[in-house]
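# Summary of structural features
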Amino acid sequence: GLEEITPKPVQDTGNILKQGYLEKRSREHSFFGSEWQKRWCVLNRRTFYYYANEKSKQPKGNFPIERYSARLAFHLRKDSRKRCCFELICPGKRTYE
């Protein structure tokens, strides 16, 4: 099994490969369907973190990227951003869109 990752502030994540804003689809579905939420995302060599914004001290969530892969997913949106969509997928785990 994978060990639990202790959430860390953005400035303590170390070895940052990429960081910036992405829109993440929420798991909860409203009357209008899934909501897209703007999140500050940080990727290091082992973990993907997402925060409410770049000033947040604690992540809203994180997961080890070890077994995840990315694939383009144009079907996720019908607006002008559809060509930028991707999914992070791992068998038996949550898919992030």
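The notes below deal with the structure included here. (Residues numbered from 1 in each chain as written. Predicted model: local features only at pLDDT ≥ 70, side-chain atom pairs only at ≥ 80, totals over all residues. Heavy atoms only, no water.)

## Some remarks on the state of the cysteines
Formally: When two cysteine sulfur atoms are found within 2.5 Å, that pair is recorded as a disulfide.
By the definition in use, this model includes zero disulfides. With no disulfide of its own, cysteine 84 has cysteine 85 as its nearest cysteine by sulfur position, at a separation of 7.0 Å.

## Describing the nonpolar core
So the rule is basically this: As used in this record, nonpolar core signifies buried Ala, Val, Leu, Ile, Met, Phe, Trp, Tyr and Cys residues forming a set joined through side-chain atoms within 4.5 Å. Partly exposed describes any residue whose relative accessible area lies between the buried limit of under 20% and the exposed limit of over 50%, with all areas from a 1.4 Å probe on protein chains only and scaled to the type maximum. Residue contacts are counted whenever heavy atoms from the two residues lie within 4.5 Å of one another.
Residues Cys41, Phe48, Tyr50, Phe63, Tyr68, Leu88, Cys90 and Tyr96 constitute the largest nonpolar core, which totals eight residues. The contacts of tyrosine 50, once residues within four sequence positions are left out, are Lys24, Arg39, Trp40, Cys41, Pro59, Lys60, Gly61, Asn62, Arg94 and Tyr96.

## Thoughts on a nonpolar patch on the surface
The condition that has to hold: Residues enter patches when their relative accessible area tops 30% and they take part in no salt bridge; the joining distance is 9 Å for like charges and 5 Å for the nonpolar side chains Val, Leu, Ile, Met, Phe, Trp and Tyr. Accessible surface is estimated by sampling points in the Shrake-Rupley manner with a 1.4 Å probe; for residues, cover comes only from the protein chains shown. Salt bridges are counted wherever a side-chain nitrogen of Lys or Arg sits within 4 Å of a carboxyl oxygen of Asp or Glu. Counting from the N terminus, the helices are the DSSP runs of H or I reaching at least four residues and the strands are the DSSP runs of E reaching at least two.
Taken together, the side chains of Leu22, Leu72, Phe74 and Phe86 make up a nonpolar region of the molecular surface, amounting to roughly 340 Å² of accessible area. Along the polypeptide, leucine 22 turns up in strand β1 (residues 16–30). Residue leucine 22 is classed as partly exposed on the basis of its relative accessible area, which comes to 32%.

## Digging into the pattern of salt bridges
Where charged atoms from two side chains of opposite charge come close, those side chains can pair. Taken as a whole and judged by the stated rule, the model has four salt bridges. With a shortest N-O distance of 2.6 Å, glutamate 97 and arginine 25 are connected by a salt bridge. With glutamate 97 in the segment after β6 (86–89) and arginine 25 in strand β1, this pair connects stretches of sequence that are 72 residues apart. Judged by relative accessible area, glutamate 97 falls into the partly exposed class, the value being 24%. A salt bridge links arginine 71 to glutamate 87, with the shortest nitrogen-to-oxygen separation between them at 2.7 Å. Here the residue arginine 71 occupies a position in strand β5 (residues 69–72), and glutamate 87 occupies one in strand β6, the gap between them amounting to 16 residues. Residue classification places glutamate 87 among the buried residues on the basis of a relative accessible area of 6%.

## Some points on the side chain of arginine 39
Relative to the helices and strands, arginine 39 is located in strand β2 (residues 33–44). Among the residues examined, arginine 39 registers a relative accessible area of 12% and is labelled buried. If we skip the residues at most four places from it in the chain, arginine 39 touches Gly20, Tyr21, Leu22, Lys24, Tyr50, Tyr51, Ala52 and Lys60.

Note that every value here comes from positions in space, so none of it alone points to a role or purpose.
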